[in-house]
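Coordinate analysis (summary)
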Amino acid sequence: MNYIYIDESGDLGNDSNYLIMGAIITNDKDKLDRIIKKARRNYKRELGNSTEIKGTKTRSNIKKKILKELNKIDYQSVIIVFDKKHKYKINYHHNNNLLYNIIASKLALKLPITNKTSIIIDKSKNKEKDQQEFNDLFLNNLNNPKNHPVSIRHEDSKREKGLQIADLLSWSAYQSIEHENDEFIKLIKNKTIKKV
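Summed over the entire model, instances satisfying the criterion amount to twelve salt bridges. Note that Lys65 and Glu69 form a salt bridge whose closest N and O atoms lie 3.6 Å from each other. Of this pair, Lys65 and Glu69 both sit in helix H3 (residues 60–70), four residues apart, roughly one helical turn. Exposure remark for Lys65: the relative accessible area of 35% places this residue in the partly exposed category. Judged by relative accessible area, Glu69 falls into the buried class, the value being 12%. For Arg159, the salt bridge is made with Glu155, and the minimal N-O distance between the two is 3.2 Å. For Arg159, a relative accessible area of 58% translates into the label exposed. Judged by its relative accessible area of 16%, Glu155 is buried.

As structure tokens, then:
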């Protein structure tokens with residue numbers, strides 16, 4: 001069974017030029033869990049009372065160590081970049097919830113489904129109706145020609161350590177593209193980055 005964890009960096013408002021969506025694909029989610037657990041154990045004092053590893057809040061040395069550890073396991077990452085100046089090309093009726101779903105569907109096109117798969121996305125939608133609308137569009141665009149069984153769950157990243165890794169991936173790409181800082185993205189060896 002494969003696991004895909006998805007998170008984003010940036011926003012659809014006026015605080016950034018880009019929205020970045022990152023996915024990490026693995027067939028062994030326990031290895032992702034162990035990377036985060038090891039970081040929490042080794043950097044207990046620096047992390048203090050924080051409940052999760054986050055690109056925006058965690059110290060740089062810890063983030064770099066996690067990204068280096070990630071390269072010791074078998075994984076694939078897919079990152080898409082949406083330049084918000086292209087919003088006018090999309091018929092989203094000024095509904096950012098719909099725009100988010102459309103951008104996510106572009107990520108779905110890039111995700112190779114080769115086995116039964118569980119997709120876990122960082123929970124940004126609280127209403128069941130909004131989650132279902134997302135799921136429907138995402139599943140319809142998923143790169144799944146053999147129709148392998150796929151489930152989608154919207155989860156809190158505090159509970160899903162794989163989402164904390166996906167957060168670091170998307171944050172690293174965001175630093176590179178939004179701020180021209182490549183020191184983190186260059187540590188991620190197995191990555192595909194596409195503009196959509």
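This part is about the packing of aromatic side chains. Counted according to the given criterion, the structure contains three aromatic pairs. Judged by centre distance (6.2 Å) and plane angle (40°), the ring pair of Tyr100 and Phe134 falls under tilted. Of the two residues, Tyr100 is situated in helix H4 (residues 96–110) and Phe134 in helix H5 (residues 128–141); the sequence distance between them amounts to 34 residues. Relative to Phe138, the ring of Phe134 lies with its centre 5.4 Å away and its plane at 20°, an arrangement referred to as stacked.

The contact between H3 and helix H6 (residues 161–179) brings their axes to 11 Å, and the two run at 105°. The angle between the axes of H3 and H6 places the two elements in the roughly perpendicular class. For the pair H3 and H6, the contacting residues are Lys63, Ile66, Leu67 and Leu70 in the first and Ile165, Leu168, Leu169, Trp171 and Ser172 in the second. Grouping the amino acids of the contact of H3 with H6 by side-chain chemistry returns seven nonpolar, one polar and one charged.

Another point: the side chain of Gln175. Examined against the element boundaries, Gln175 turns out to sit in helix H6. The exposure class of Gln175 is buried, given its relative accessible area of 12%. In this structure Gln175 touches Glu180 and Asn181, once residues within four positions along its chain are discounted.

The subject of this paragraph is the side chain of Asp83. Looking at where Asp83 falls in the secondary structure, it is placed in strand S3 (residues 76–83). Beyond its immediate chain neighbours, meaning those up to four positions away, Asp83 contacts Asn17 and Tyr18.

Moving on, we come to helix H1 (residues 29–42). Taking 1.5 Å per residue, 14 residues should reach 20 Å; H1 reaches 20 Å between its end C-alpha atoms and fits that length. Turning to H1, its buried residues number three or more, namely Leu32, Asp33, Ile35, Ile36 and Ala39. On an axial view of H1, the arc spanned by its buried residues comes to 155°, and they lie on one face. On its buried face, H1 is in contact with strand S1 (2–10), strand S2 (18–26), helix H2 (44–47), H3 and H6.

Our next topic: the sheet that holds S3. Spatially, the six strands line up as an open sheet ordered S5-S4-S1-S2-S3-S6, and their pairing is mixed. Single-partner strands in this sheet number two, and they are strand S5 (150–155) and strand S6 (191–195). For this sheet, the mean inter-axis angle between neighbouring strands, taken without regard to orientation, is 20°. One ladder, built from five bridges, connects S1 with strand S4 (residues 117–122); its direction is parallel. Its bridge partner being in S4, Ile4 is matched across the sheet by Ile119. Each of S1, S2, S3, S4 and S6 is contacted by H4, which is oriented at about 140° to S3, the strand it contacts most.

What counts, and where the lines are drawn
Residues numbered from 1 in each chain as written. Predicted model: local features only at pLDDT ≥ 70, side-chain atom pairs only at ≥ 80, totals over all residues. Heavy atoms only, no water. Salt bridge = Lys/Arg side-chain N within 4 Å of Asp/Glu carboxyl O. Helix = DSSP H or I, 4+ residues; strand = E, 2+ residues; numbered from the N terminus. Buried < 20%, exposed > 50% of the residue type's maximum accessible area, 1.4 Å probe, protein only. Phe/Tyr/Trp six-rings, centres within 6.5 Å; stacked < 30°, edge-to-face > 60°. Axes fitted to C-alpha atoms, helices over the stretch in contact; angles between N-to-C directions. Parallel < 35°, antiparallel > 145°, perpendicular 65-115°, else oblique. Contact = heavy atoms within 4.5 Å. Nonpolar A, V, L, I, M, F, W, Y, C, P; charged D, E, K, R; others polar. Expected span 1.5 Å × (residues − 1). Arc of directions from axis to C-beta. Pairing = 2+ DSSP bridges.

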